[in-house]
Amino acid sequence: MTITDAAAERVKVLLEKRGKPSVGIRIGVRSKGCSGMSYTLEYADEKTQFDEILEDKGVTVLIDPKATMFILGTEMDFVEDKMQSGFVFKNPNEKGRCGCGESFHV
């Protein structure tokens, strides 16, 4: 997994605004939406034994072990425009996405 400069900067801002120490952020996947799976992001207070750890551009991203096989090779970006802002995942393993973009399947 890779993280763009924009995503790293946004993660830094979120961690600073949180108001309590964090190890980083944790990325996972869960069953949701019409295509089957969606990405999850949460603050990580501690590293677990089986987390995959990505340290890049001054941020630490922990990958939930249950999500690893679904997000291999994924690029995490942060996009902000007039209509929306948020993290975007470019996953080469995706076979399809629902029309609203909330979920995917591999």
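Above: the structure in question.
Residues numbered from 1 in each chain as written. Predicted model: local features only at pLDDT ≥ 70, side-chain atom pairs only at ≥ 80, totals over all residues. Heavy atoms only, no water.

Overview of the overall build of the protein
So, point 1. In terms of regular secondary structure, the protein is built from 2 helices and 9 strands.
So, point 2. Tracing the protein from N to C terminus, the helices and strands come up as β-α-β-β-β-β-α-β-β-β-β.
So, point 3. Contacts in the protein between residues far apart in sequence, at least 24 positions, make up 50% of those at least 6 positions apart.
So, point 4. Accessible area for the protein stands at about 6600 Å²; split by element, carbon and sulfur atoms hold 51% of it. (Helix = DSSP H or I, 4+ residues; strand = E, 2+ residues; numbered from the N terminus. Contact = heavy atoms within 4.5 Å. Areas by Shrake-Rupley, 256 points an atom, 1.4 Å probe, with all protein chains shown as cover.)

What to know about the side chain of R26
So, point 1. By the element assignment, R26 lies in strand β2 (residues 24-32).
So, point 2. A distance of 2.9 Å separates a polar atom in the side chain of R26 from the backbone oxygen of E46.
So, point 3. A polar contact of 2.8 Å, which involves the side chain of R26, links it to the side chain of D51.
So, point 4. With sequence-adjacent residues up to four places away left out, R26 is seen in contact with T40, L41, E42, A44, E46, K47, T48, D51, L62 and D64. (Polar contact = N/O pair within 3.5 Å; in protein donor to acceptor, adjacent residues only side chain to side chain.)

Description of the nonpolar core
So, point 1. Core analysis: the biggest nonpolar cluster contains 18 residues, and I3, V11, I27, V59, V61, I71 and M76 have the highest contact counts within it.
So, point 2. Breaking this core down by element, the ones donating at least two residues are α1 (5-18), β2, β3 (36-44), β5 (59-63), α2 (68-71) and β6 (75-80).
So, point 3. Once residues lying within four places of it in the same chain are set aside, the contact partners of I27 are M1, T40, L41, V61, L62, I63, D64, A67, I71, M76 and F89. (Core = buried A, V, L, I, M, F, W, Y, C linked by side-chain atoms within 4.5 Å. Buried < 20%, exposed > 50% of the residue type's maximum accessible area, 1.4 Å probe, protein only.)

Details of the packing of aromatic side chains
So, point 1. Tallied over the entire structure, the rule returns 2 aromatic pairs.
So, point 2. Plain terms: the ring middles of F78 and F87 are 5.3 Å apart, the flat faces sit at 65° to each other, and that makes the pair edge-to-face.
So, point 3. Overall, F78 belongs to the buried group, its relative accessible area being 14%.
So, point 4. Of the residues examined, F87 reaches a relative accessible area of 23% and is grouped as partly exposed. (Phe/Tyr/Trp six-rings, centres within 6.5 Å; stacked < 30°, edge-to-face > 60°.)

No statement about biological role is implied by the geometric values presented.
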